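# Architecture at a glance
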Amino acid sequence: MSADLYGQAIKDLAAAETARLDSPDASATLDNPLCGDKVTLDVRLADDGRVAETGGAVKGCLLCKAAAAVLAERAPGLGADDAAALAADVAAMLKQGAEPPFPALAAFVPVRGHKSRHGCVLLPFKVLAKALGR
Amino acid sequence: MTSAIREAFPVLGRAGFHYLDSAAMAQTPGRVVEVVAAHDLAARANVHRGLHEMARLADDAYDAAREAVAGFLGAGADEVVFTGGCTLALNIAARALAGRLGPGDTVAVSRLEHHSSCLPWLALAAERGFELRWLAVTADGRLDPAGLSVIDRRCKVVAVTHASNVTGAVTDIPLVAGVAHAAGAVLVVDGAQMAPHGKVDPRALGADFYAFSGHKTYGPTGVGVLWGRREVLAELPPALFGGGMVGEVSDTGFTWAEPPRRFEAGTPPVAQAVGLAAALDWMAGLDWPAVRARLALLTRRMLDGLTALPGVGIVGPGEMEARLPVVSFTVAGCHPHDLSHLLAGRGVAVRGGHHCAQPLMRVLGLDEGCVRASLAAYSDAADVEALLDGVAAAIAVLR
């Protein structure tokens, strides 16, 4: 059922406010031309080169916005390799039935059966990897 | 009447299936599928190249298909070019005209255009150094007649859609043709959305080129048509090169075949052309005034039913004059992709997104695109009611 994708947890996540960072250390934008989702992510880095803070702008569907909100919570402390690995793990969760890489992503498990929506969830994770040079 | 039409489409017999995405691809009658299969089983050969029995059968079928398209367009068969689709047809027209364009020239393209009708000109503008001018649209998604003033003596080509794939608005082609021809410009018309709604006479409309696709006209995928005014085609060079489009080839050059074969390089879509002819034959059997009247009632119901729902805004004309049964809409606070997915879960097939019309989306302020419901001759009241019920239910889920 398509309606299963839109539980209260997803809707609450999608309602989170996001804002661009002033003078970020890195930024990246990716879009999904098929559906029009577009995610811009700003990153401020700590001295060790890991993510200290993220901001950004999400023009996208509810699933994309919710995924971006989960990522914003998870991103601090991640390095470039971690971000690339996380994007791969989220892809494996959606496409290969792997376990969610962390509990908050369990809300997206129902998306597995909707191949056309995998890209909506993956987009913010790909953008973080891109912003960090991966 | 509708049930008799629907019976020709086996897929429409699926319970709970409501297909409102015909502007992207129309369903095809079972008869068309049978004709394509029969051709490939009994007459599969390349055309205009062989002398054997199979080749003769293929030649006859392909030539008959060209005659059928000519009949649909009220044209001569020598004006009908088969292509791989409407996009390729429009690209061929642009490429064939490219040699006439350079710095100091302009090409006018409407903001209503599908990407297949504007990107060839954007690409050529960068390559040839001419200026591309956008023709304005009104707030309700029609070509703005006042904007035609940008078409002046520098303008060499005008490209417009006969009907918008987003707003459903039908363009006044004779008006545009008058302005274009007064300036000495060639008029290229994208007929992809109009052709599925009955016979078209591009010469009478004033077009110089007219393109449409097979898959939106109840026919197969992989085939399209470029109609060109005989006297225009005769003056243009080929756009693609290969077998079938040449006369004599020497070490230093070659001569061109006469139109339409000049524009059909390589093996054409033979079986698909035969299938398109079968689709046009099926269309010819419909009572089009009655079909259009029924679809107009369904469109009115869609417009009224959608606007009665909370937060719904129509993208396109609210009135029925000069519009197709294509209705696009937005819902405040609900992304088109989410709406389309929820509708799909109820068996209602629509399209959400920018509809390959980003210049129009931008000027209409539709950053997230819109949802489009599009009807065809087989659409019925149950389809429309399923859409309206589905949108109401989707809003309840998403808010």
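Residues numbered from 1 in each chain as written. Chains lettered and ligands numbered in written order. Predicted model: local features only at pLDDT ≥ 70, side-chain atom pairs only at ≥ 80, totals over all residues. Heavy atoms only, no water.

### Describing the layout of surface pockets
The space that makes up the largest pocket amounts to roughly 540 Å³. Surrounding the largest pocket, 23 residues form its lining, L34(A), S116(A), H337(B), R351(B) and G352(B) being those nearest its centre. Elements that contribute at least two residues to the lining of the largest pocket include exactly α11 (336-345), β13 (348-349) and β14 (351-353) of chain B. Among the elements that line the lining of the largest pocket, the one with the most residues is α11(B), at four residues. Across the lining of the largest pocket, the residue classes tally to eight nonpolar, eleven polar and four charged. (1 Å grid on protein atoms, 1.4 Å probe; cavity = no way out; pocket = protein on both sides within 12 Å on 5 of 7 lines; lining within 4 Å. Points joined across faces, edges and corners; volume = space filled by probe spheres on them. Helix = DSSP H or I, 4+ residues; strand = E, 2+ residues; numbered from the N terminus. Nonpolar A, V, L, I, M, F, W, Y, C, P; charged D, E, K, R; others polar.)

### Examining the sheet that holds strand β3 (residues 106-110) of chain B
Residues and elements named next belong to chain B. The sheet built from seven strands is open, its strands ordered β2-β8-β7-β6-β5-β3-β4 with mixed pairing. The sheet is open, and its two borders are formed by β2 (80-83) and β4 (131-135), each paired with just one other strand. If you compare each strand with its neighbour and ignore which way they point, the axes differ by 20° on average. In terms of strand pairing, strand β6 (residues 186-190) meets strand β7 (residues 209-213) through three bridges, oriented parallel. Across the sheet, residue D190 finds its bridge partner in β7, namely A211. Along the sheet, helix α3 (residues 53-73) makes contact with β2, β7 and β8 (224-228), crossing β2 at roughly 120°. (Pairing = 2+ DSSP bridges. Axes fitted to C-alpha atoms, helices over the stretch in contact; angles between N-to-C directions. Contact = heavy atoms within 4.5 Å.)

### So, the pairing of β6(B)
All names here are of chain B. Among the five residues of β6, five are classified as buried, and the element is accordingly described as predominantly covered. Residues V186, V188 and D190 of β6 are buried on one face, and the alternating residues L187 and V189, pointing to the opposite face, are buried as well. As paired strands, strand β5 (residues 155-161) and β6 are joined by five bridges and run parallel to one another. Within β6, the residue paired with A159 across the bridge is V188. On the question of chirality, the crossover connecting β5 to the parallel β6 by way of helix α6 (residues 173-182) is right-handed. (Buried < 20%, exposed > 50% of the residue type's maximum accessible area, 1.4 Å probe, protein only. Right-handed = clockwise from strand over helix to strand, strands pointing away.)

### Describing the confidence of the model for chain A
With 99% of its residues at a pLDDT of 70 or more, chain A has an overall mean of 94. Element-level pLDDT for chain A is lowest in helix α1 (residues 8-14) of chain A, with a mean of 93, against a maximum mean of 97 in helix α3 (residues 80-95) of chain A. (pLDDT = per-residue confidence, 0-100.)

### Comments concerning the environment of Q358(B)
Residues and elements named next belong to chain B. As for its position among the elements, Q358 is in helix α12 (residues 358-363). Taking relative accessible area as the criterion, Q358 reaches 37% and is therefore assigned partly exposed. Along the primary structure Q358 and R111 are separated by 247 residues, whereas in three dimensions their C-alpha atoms are 8.9 Å apart. Polar contacts involving the side chain of Q358 include one to the side chain of H354, which spans 3.4 Å. (Polar contact = N/O pair within 3.5 Å; in protein donor to acceptor, adjacent residues only side chain to side chain.)

### Examining α3(A)
Residue and element names in this part refer to chain A. The first and last C-alpha atoms of α3 sit 23 Å apart over 16 residues, in line with the 22 Å expected at 1.5 Å per residue. Within α3, the full set of buried residues consists of A83, L86, A87, V90, A91, A92, M93 and L94. Considering only its buried residues, α3 is in contact with α2 (62-74) and α4 (118-131). Following α3 by one or two positions, G97 adopts a phi angle in the positive range, close to 75°. (Expected span 1.5 Å × (residues − 1).)

### With respect to helix α13 (residues 381-398) of chain B
All names here are of chain B. The end-to-end C-alpha distance of α13, which contains 18 residues, comes to 26 Å, matching closely the 26 Å that a straight helix rising 1.5 Å per residue would cover. Restricting attention to buried positions, one finds in α13 the residues D383, V384, A386, L387, L388, G390, V391, A394, I395 and L398. Measuring from the side-chain oxygen of the N-cap residue of α13 to the backbone nitrogen of A382 gives 3.2 Å; that N-cap residue is D380.

### Thoughts on the sheet that holds strand β11 (residues 312-315) of chain B
Residues and elements named next belong to chain B. Strand order across the open sheet formed by four strands is β11-β12-β15-β14, with antiparallel pairing between neighbours. Across the chains shown, the open sheet's two edge strands, defined by having one partner strand only, are β11 and β14. Taking each pair of neighbouring strands and ignoring which way they run, the sheet shows an average axis angle of 30°. Taken together, the three bridges between β14 and strand β15 (residues 370-374) define a ladder with antiparallel strand orientation. Within β15, the position partnered with G352 by the bridge is V371.

### Notes on the nonpolar core
F108(A), L128(A), V158(B) and Y218(B) are the most contacted members of the largest nonpolar core, which has 147 residues in total. In terms of residue count, helix α9 (residues 270-284) of chain B provides more of this core than any other element does, ten residues in total. Looking at which domains feed residues into this core, each of domain 1 (32-283) and domain 2 (288-398) of chain B supplies at least three. In this structure V158(B) touches A108(B), L135(B), I151(B), V176(B), A180(B), A185(B), V186(B), L187(B) and V188(B), once residues within four positions along its chain are discounted. With 32 residues, the next largest nonpolar core counts A89(B), L90(B), F130(B) and A211(B) among its residues. (Core = buried A, V, L, I, M, F, W, Y, C linked by side-chain atoms within 4.5 Å. Domains from an automatic or database assignment.)

### Thoughts on the interface of chain A and chain B
Of the residues lining the interface, 18 residues belong to chain A; the matching set on chain B comes to 13 residues. Summing both sides of the interface, chain A and chain B together bury roughly 1,300 Å²; the carbon and sulfur share of this comes to 52%. Per-residue buried area on chain A facing chain B is highest for S2(A), Y6(A) and C35(A); these three make up 33% of the total on that side. For the interface between chain A and chain B, the tally reads one salt bridge. For the salt bridge of D338(B) with R117(A), the shortest nitrogen-to-oxygen distance reads 2.7 Å. The interface formed by chain A and chain B holds eight residue pairs in polar contact (both at pLDDT 80 or more) in total. (Buried area = accessible area lost by both parts, 1.4 Å probe. Salt bridge = Lys/Arg side-chain N within 4 Å of Asp/Glu carboxyl O.)

### Thoughts on the domain arrangement of chain B
All names here are of chain B. Each assigned domain of chain B is listed with its residue range as follows: domain 1 (32-283) and domain 2 (288-398). Opposite the 29 residues of domain 1 that make contact, domain 2 presents 30 residues. Taken together, both faces of the contact between domain 1 and domain 2 bury some 2,300 Å²; the carbon and sulfur share is 60%. Considering only the surface of domain 1 that becomes buried against domain 2, H115, V166 and H197 emerge as the three largest contributors, covering 30% of it. Run the count over domain 1 and domain 2 and you get 15 residue pairs in polar contact (both at pLDDT 80 or more). Sorting the residues of the side of domain 1 that touches domain 2 by element identifies α5 (115-128) and α9 as the ones contributing at least two each. For the side of domain 1 that touches domain 2, the per-class residue count stands at 14 nonpolar, ten polar and five charged.

### Topic: the side chain of N32(A)
Tracing the backbone through its elements, the reader meets N32(A) in strand β1 (residues 26-32). In this structure N32(A) touches D37(A), G119(A) and L123(A), once residues within four positions along its chain are discounted.

### Description of the side chain of N165(B)
All names here are of chain B. By the secondary structure assignment, N165 is in the loop between β5 and α6. Looking at N165, the relative accessible area reads 6%, which means it is buried. A polar atom in the side chain of N165 sits 2.9 Å from the backbone oxygen of H355. In this structure N165 touches L112, H114, Q193, V326, H355, A357 and R372, once residues within four positions along its chain are discounted.

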